[in-house]
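What the coordinates show
The residues making up each chain are set out below.
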Amino acid sequence: QKEVEQNSGPLSVPEGAIASLNCTYSDRGSQSFFWYRQYSGKSPELIMFIYSNGDKEDGRFTAQLNKASQYVSLLIRDSQPSDSATYLCAVNSGGSNYKLTFGKGTLLTVNP
Amino acid sequence: EAGVVQSPRYKIIEKKQPVAFWCNPISGHNTLYWYLQNLGQGPELLIRYENEEAVDDSQLPKDRFSAERLKGVDSTLKIQPAELGDSAVYLCASSLDSGGLAYNEQFFGPGTRLTVL
């Protein structure tokens with residue numbers, strides 16, 4: 001069973017702080033990694049993807065990947081109350097067949 | 001550009017009744033996915049279509065669930081008979097292509113929230 005693990009939270013940070021969200025995965029052959037944001041009662045929306053070791057930055061968001069440790073993270077700088085949502089880590093565990101396995105998600109609350 | 005459309009948005013039925021969900025993907029997207037999302041969990045893939053072909057239905061409970069994607073566009077997911085444990089949100093997603101090892105964004109519809117009494 002290919003697994004994706006996330007702390008369920010809730011993770012609470014003050015406005016303007018850095019929020020750090022973590023994810024580990026069990027399938028060492030996984031090749032691409034995704035972070036989705038899901039507001040309460042809404043559907044998931046893609047924030048970032050990464051498939052090379054290291055950091056990838058997009059605005060206030062930075063994804064970090066360490067394949068040797070089977071670890072992927074998402075940093076949100078200058079957190080805003082509008083960032084309050086559940087963040088889902090997803091891993092392509094199907095290789096070229098492309099099958100996403102999602103974690104349970106981490107609930108982030110940004111306090112004004 | 002219109003997003004993924006799903007209907008109905010909400011459905012309440014009694015156990016042992018049949019239920020069907022409909023999805024229309026983004027125009028031009030040849031890959032369509034049905035996911036199930038329980039409260040506090042991430043989405044779990046039920047079935048993936050490439051055009052009209054179901055290429056991964058390994059997690060679809062085939063004793064009671066069925067799906068079709070006639071003409072490779074919109075799709076229907078059916079449950080018959082429904083059980084109490086089927087209460088969840090059923091999400092449809094689509095993407096341009098499912099192949100390759102790199103980035104491939106899936107766009108999700110709003111979901112259908114099913115309650116089985």
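Quick caveat: nothing in here was measured; it's all calculated off a predicted structure.

1. Description of the overall build of chain A
In terms of helices and strands, chain A carries zero helices and eleven strands. The globule rule puts the C-alpha radius of gyration for 112 residues at 13 Å, and the 13 Å found for chain A is close to it. Reported as C-alpha extents along the three principal axes, the dimensions of chain A are approximately 40 × 30 × 20 Å. Taking all 112 residues of chain A together, 47% fall into the buried category. In chain A, of all internal contacts separated by at least 6 residues, the share reaching a separation of at least 24 is 54%. When the accessible surface of chain A is totalled, it reaches about 5,200 Å², and 45% of it is carbon and sulfur. Across chain A, the 10 positively charged side chains and the 10 negatively charged ones have centroids separated by 7 Å.

2. Concerning the state of the cysteines
Residue and element names in this part refer to chain B. Within the structure shown, the criterion is met by two disulfides over all chains. One disulfide bridge connects Cys23 with Cys92, the sulfur atoms lying 1.9 Å from each other. Judged by the sign of its S-S torsion, about -70 degrees, the bond between Cys23 and Cys92 is left-handed. Taken together, the residues span a long stretch of sequence, with Cys23 in strand β3 (residues 19–24) and Cys92 in strand β9 (residues 88–95) at a distance of 69 residues.

3. As for empty space enclosed by the protein
Residues and elements named next belong to chain A. Scanning the entire structure with this criterion turns up one cavity of 30 Å³ or more. Size it by volume and the largest cavity reaches roughly 30 Å³. In terms of lining, the largest cavity is formed by Lys2, Glu3, Val4, Tyr25, Ser26, Asp27, Ser30, Val91, Ser93 and Thr101. When the residues that make up the lining of the largest cavity are grouped by side-chain class, the tally is three nonpolar, four polar and three charged.

4. Brief notes about unusual backbone geometry
Residues and elements named next belong to chain B. With an omega of -10 degrees, the peptide bond between Ser7 and Pro8 qualifies as cis. Assignment of secondary structure puts Pro8 in the loop between β1 (5–7) and β2 (10–13). Across the junction of Gln80 and Pro81, the peptide omega takes the value -5 degrees, indicating a cis bond. Inspection of the secondary structure assignment puts Pro81 in the loop between β8 (75–79) and β9. Of note, Lys16 is a non-glycine position whose phi angle comes to about 80 degrees, a positive value. Judged by its relative accessible area of 64%, Lys16 falls in the exposed class. The residue Lys71 is not glycine, and still its phi comes out positive at about 65 degrees. Mapped onto the fold, Lys71 is located in the loop between β7 (65–68) and β8.

5. Here we look at the sheet that holds β8 of chain B
Residues and elements named next belong to chain B. Strand order in this open sheet of four strands is β1-β3-β8-β7, and the pairing throughout is antiparallel. Of all the strands in the sheet, the pair left with one neighbour each is β1 and β7. Strand-to-strand twist across the sheet, computed as the mean angle between neighbouring axes with direction ignored, equals 15 degrees. Strand direction decides the pairing type here: β1 and β3, joined by three bridges, are antiparallel. Paired with Val5 across the two strands is Asn24, which belongs to β3.

Parameters at a glance
Residues numbered from 1 in each chain as written. Chains lettered and ligands numbered in written order. Predicted model: local features only at pLDDT ≥ 70, side-chain atom pairs only at ≥ 80, totals over all residues. Heavy atoms only, no water. Helix = DSSP H or I, 4+ residues; strand = E, 2+ residues; numbered from the N terminus. Rg over C-alpha atoms; globule rule 2.2 N^0.38 Å. Buried < 20%, exposed > 50% of the residue type's maximum accessible area, 1.4 Å probe, protein only. Contact = heavy atoms within 4.5 Å. Areas by Shrake-Rupley, 256 points an atom, 1.4 Å probe, with all protein chains shown as cover. Lys, Arg positive; Asp, Glu negative; His and termini not counted. Charge placed at Lys NZ, Arg CZ, Asp CG, Glu CD. Disulfide = S-S within 2.5 Å. 1 Å grid on protein atoms, 1.4 Å probe; cavity = no way out; pocket = protein on both sides within 12 Å on 5 of 7 lines; lining within 4 Å. Points joined across faces, edges and corners; volume = space filled by probe spheres on them. Nonpolar A, V, L, I, M, F, W, Y, C, P; charged D, E, K, R; others polar. Pairing = 2+ DSSP bridges. Axes fitted to C-alpha atoms, helices over the stretch in contact; angles between N-to-C directions.

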